[in-house]
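Coordinate inspection notes
One letter stands for each residue in the lines below.
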Number of protein chains: 2
Amino acid sequence: MVVARGPQPFPRGEYLRRIALVKSEMARREIDAFVITDQHNITYLTGYTALSAYVPQGLVISAHGEEPAFILRRQDAIAAIYQCFMERDKIIAYPEALIGNPETDGYDCIIEYLEENCLARRGIGVEANSLSVQAVEKFRKRLPAATIVDCSAAVTWIRIVKSDLEIEVMRDAAAISDAAILRAAEVMYPGVREVDVAAEIYATLVRGTHGKPGSALEYINMSSSPLIGTSHLTWSDHILSNGSQINLELGGNRYGYCAGIMRTYSIGRASDRLRQVHEVQVAGLEAALDAVRPGRTCSDVANAFYRTIEKLGLKKESRCGYPIGIGWLEPTASLRDGDVTELKPNMAFHLMLGNWIDEDFGYTISETIRVTETGVEVLTKAPRKVFEIS
Amino acid sequence: MVVARGPQPFPRGEYLRRIALVKSEMARREIDAFVITDQHNITYLTGYTALSAYVPQGLVISAHGEEPAFILRRQDAIAAIYQCFMERDKIIAYPEALIGNPETDGYDCIIEYLEENCLARRGIGVEANSLSVQAVEKFRKRLPAATIVDCSAAVTWIRIVKSDLEIEVMRDAAAISDAAILRAAEVMYPGVREVDVAAEIYATLVRGTHGKPGSALEYINMSSSPLIGTSHLTWSDHILSNGSQINLELGGNRYGYCAGIMRTYSIGRASDRLRQVHEVQVAGLEAALDAVRPGRTCSDVANAFYRTIEKLGLKKESRCGYPIGIGWLEPTASLRDGDVTELKPNMAFHLMLGNWIDEDFGYTISETIRVTETGVEVLTKAPRKVFEIS
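Residues numbered from 1 in each chain as written. Chains lettered and ligands numbered in written order. Predicted model: local features only at pLDDT ≥ 70, side-chain atom pairs only at ≥ 80, totals over all residues.

Quick notes on the interface of chain B and chain A
Stated formally: Residues are defined as contacting one another if the C-beta atoms placed from their backbone atoms lie within 7 Å. Helix and strand definitions follow DSSP, with helices as H or I runs of at least four residues and strands as E runs of at least two, each counted in order from the N terminus. Classification convention: Asp, Glu, Lys, Arg as charged; Ala, Val, Leu, Ile, Met, Phe, Trp, Tyr, Cys, Pro as nonpolar; all other residues, Gly among them, as polar.
Contacts between the two partners involve 53 residues from chain B, matched on the other side by 53 residues from chain A. For the side of chain B that touches chain A, the elements supplying multiple residues, two or more each, are α3 (74–83), α5 (133–142) and α8 (194–207) of chain B. When residues in the side of chain B that touches chain A are grouped by element, the largest group, eight residues, is from α8 of chain B. Broken down by class, the residue content of the side of chain B that touches chain A amounts to 28 nonpolar, 13 polar and twelve charged.

Section: the domain arrangement of chain A
Residue and element names in this part refer to chain A. For the record, the criterion: Residue ranges labeled as domains rest on an automatic or database domain assignment.
By domain assignment, chain A separates into domain 1 (12–158) and domain 2 (164–389). With eight residues of domain 1 at the interface, the matching set in domain 2 holds ten residues. For the side of domain 1 that touches domain 2, the leading source of residues is helix α2 (residues 39–46), giving three residues.

Some remarks on the sheet that holds strand β5 (residues 123–126) of chain B
Residue and element names in this part refer to chain B. To keep things clear, this is the line we draw: We treat two strands as partners when DSSP finds at least two bridges between them. Here the axes come from fitting lines to C-alpha atoms, over the contacting stretch only for helices, and the angles between their N-to-C directions go from 0 to 180 degrees.
Taken in spatial order, the six strands of this open sheet run β4-β3-β2-β1-β5-β6, and their pairing is mixed. Each edge of the open sheet carries a strand with a single partner, namely β4 (91–94) and β6 (147–150). The mean angle between the axes of side-by-side strands here comes to 25°, regardless of whether they run parallel or antiparallel. With three bridges connecting them, strand β2 (residues 58–62) and strand β3 (residues 69–73) associate as antiparallel partners.

Looking at the packing of helix α7 (residues 164–187) of chain B against α8 of chain B
Residues and elements named next belong to chain B. For clarity, the threshold we go by: We call two directions roughly parallel when the angle between them is under 35 degrees, roughly antiparallel when it is over 145, roughly perpendicular when it lies between 65 and 115, and oblique otherwise. Here is the rule for handedness: rotate from the far helix to the near one, and if that takes an anticlockwise turn smaller than a right angle the crossing is left-handed, while a clockwise turn gives right-handed.
Packing of α7 against α8 brings their axes to within 9 Å, and their N-to-C directions diverge by 150°. Taken together, α7 and α8 sit at an angle that is classed as roughly antiparallel. You can see that α7 and α8 cross each other, and the crossing is right-handed. Touching Ile176, Ala179, Ala180, Arg183, Ala184 and Val187 of α7 are Val197, Glu200, Ile201, Thr204 and Leu205, all from α8.

What about the pairing of strand β1 (residues 33–36) of chain B?
Residue and element names in this part refer to chain B. For the record, the criterion: Exposed residues have 12 or fewer other C-beta atoms within 10 Å of their own C-beta, buried residues have 20 or more, and residues in between are partly exposed; the C-beta atoms are placed from the backbone.
The side-chain alternation of β1 yields two buried faces, one formed by Ala33 and Val35 and the other by Phe34 and Ile36. One ladder, built from four bridges, connects β1 with β2; its direction is antiparallel. Looking at the pairing, Phe34 lines up with Ile61 of β2.

With respect to unusual backbone geometry
Cis geometry is adopted by the peptide bond preceding Pro226 of chain A, which originates at Ser225 of chain A and carries an omega value of 5°. Note that Pro226 of chain A resides in the loop between β7 (221–224) and β8 (245–254). Phi at Trp328 of chain A takes a positive value of approximately 70°, unusual for a residue other than glycine. Among the secondary structure elements, Trp328 of chain A is positioned in strand β11 (residues 328–329). The backbone phi angle of Asn346 of chain B is positive, close to 70°, even though this residue is not glycine.

Structural notes on the relation of the copies chain B and chain A
Rule in force here: What sets the superposition is a least-squares fit of C-alpha atoms, and only residues with pLDDT of at least 70 in both copies go into it.
The two copies are related by a screw motion: chain B maps onto chain A through a turn of 180° and a shift of 0.0 Å along the axis, at an RMSD of 0.0 Å. Such a combination of rotation and displacement between the chain copies is what one expects of a two-fold axis. When the interface residues of chain B are mapped onto chain A, 100% of them again lie at the interface, so the same face is used by both copies.

Quick look at the environment of Gln75 of chain A
In this structure, Gln75 of chain A sits in helix α3 (residues 74–83). Residue Gln75 of chain A is classed as buried on the basis of its 24 C-beta neighbours within 10 Å. On a C-alpha basis, the gap between Gln75 of chain A and Thr372 of chain A in space is 42 Å, while along the polypeptide they are 297 residues apart. In this view, Gln75 of chain A contacts Glu96 of chain A together with Ser231, Ser318 and Trp356 of chain B; residues no more than four positions away in its chain are not counted.

Thoughts on the sheet that holds strand β2 (residues 58–62) of chain A
Residues and elements named next belong to chain A. Read from one edge of the open sheet, six strands run β4-β3-β2-β1-β5-β6, paired in mixed fashion. Two strands bound the open sheet, and with one partner strand each, they are β4 (91–94) and β6 (147–150). For this sheet the average axis-to-axis angle between neighbouring strands, irrespective of direction, equals 25°. The sheet contact formed by strand β1 (residues 33–36) and strand β5 (residues 123–126) spans three bridges and is parallel. Following the sheet pairing, Phe34 is matched in β5 by Gly125.

Some details on α2 of chain A
Residue and element names in this part refer to chain A. Along α2, eight of the eight residues are buried, which leaves the element largely enclosed by surrounding structure. By the burial criterion, the buried members of α2 are Gln39, His40, Asn41, Ile42, Thr43, Tyr44, Leu45 and Thr46. Tucked inside the fold, the buried residues of α2 contact α1 (12–28), β1, β2, β3 (69–73) and α6 (154–159). Looking at the residues trailing α2, positive phi occurs at Gly47, about 95°.

Side note on the environment of Ala203 of chain B
Among the secondary structure elements, Ala203 of chain B is positioned in helix α8. C-alpha of Ala203 of chain B to C-alpha of Leu217 of chain B: the two residues are 14 residues apart in sequence and 9.6 Å apart in space. What Ala203 of chain B contacts, discounting residues up to four positions off in sequence, is Ala199, Tyr202 and Ala203 of chain A.

Below you can see the structure in the form of structure tokens.
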């Protein structure tokens, strides 16, 4: 044994707690094995964050064993031994000859593992939303005695309620987000290219803050006048000048967990329109925060925002956010009208109030928040203002 | 019209050329419409690079029209108007109410577009490998009179041969890659954290070189002793010290096109083992480059490498690379034994010779190359050496 398990972000008991939740869901769905292929769900259940999900790999949870088995390509097995909480015999490497091989691939190895472990004649859960149609078909065809059950999003729904340990990591991610928002204000000035601002933001997201580096990069979305009506451009070589408005969305990352934040900047004094929109949006943000507490629904929070800004003369068409954690957006609930998902303590959301109002005008503000026992904790702490660069 | 089309990386004729190639493939497969959902294929056919692929969107190519139609969420439509080569009436926005909506989503809008444009009763191509099983099922169910044909990878195979214009963009991407490799050597020293080196590399990848900024970030893979037997870790807070070896893989990006490169670094003099492995691997690299020319196969190139290093006492288990372009790896051919894909002029590959030999020892070297009329052009130009940091 040359490479041993490295420092872990969470104690073993935390992973076993998460696996117990998955097992109880497996019992409910009457499956004996669950093949998890969504890379963020694998991170959640093992600690593994290396970037190998572009080739087949899968985590197999058996109803009968304590630790899951992680089946991945040989080249990535050492990183798994280093990062995963499991014992090293639970890291199962498949040969490199299966990469780019049109006949046999890593999914065949997962199927063989299921057969060898007597899991091939019962209910087997798969995540069809992270598999190709061909891969799902392979599971059905090669495991004719088993019942293949699509359990897409089952683990993602478990992830929506965080442990205190996870929230602590997200606080660290949020501190990195705040540092990057403040750094952006320091490096903007008339004459600078957007891209140079982006470079400094990324460097901050990597270096982290308070001695805690970022663990991975999340893409930033940055736009400046006249493109501030767009939401998902990265950056350009536009030169900022007096009067430029800049909309920015970014997120720090710790151990895979992300905390998103949006702020708006102005080179020189903010325009009257920007000031007015900012005031209305902050009023809406405060109303939304006031609406957060256990027992309320996602819809309640969204409508608190919508109703407040409508009273003040503004509308927002898009949703008001989504659950956030590993890999940024967790595709489960939405902070939108009609989503009756009930808020529970330690759910975390990106309360995303970006508002792309006209073709050439938008405004961005957001916070990463946690539902507490009695209300809300805002994890991101950067000043809730338009940053005016003088 | 407030936001107009922005500066384009390629002339209109280049996009029409690409679309003509797709249409000829459509004719071969007897389909009248092709719904393209792979984000890199959408970039290839439109110029769109904004980061909106986490929600449903699709480009519809009709056998009968010149320009394709891009159907995406309202919030992203302005970025599409700005980035795509098509006229603005070909950007079709669907309402925000469909985001996070369990009943109806963007795919329903694509289906309605097909119906409204009389494409719902014929052959329709989809990319099943970039769609969930549920989405494919929706196409089949809601378009009962059509024949749904899985055309996964059809466009990706077209992308494998680049135009001269694309190669020119990849040269610019490769220059950024080279700059980042050299910058890494400048910022490594005993006592520095891996993460601080990573921050400088990312800043360089964003700023670009020769006045041409990076257009997007590609993840870097960095590992240092004793984890140099791993291939896909990002970075850690390990402190580099005398004797540390660092393996690095990174890629510059221009307009979505990427050029990958790997190099190995040593703090202080390289160990004898590292020097020996480097010499063998460079000999293998040169043999592989010598083997590149039109008419040879992917297998020929890989075997030139394998045979050369085997003669010199080394083995490599993993493949020797893959086609590269938009979004880094193009999942089509592989530089591996037995892959008889024939090399053609202007195919581009990441000749990836990273070799993870022991659990605690690996070595990385690679180049991004182009097949020429008579041989090979190496796009990446950083010195082909172990960077010794004194």
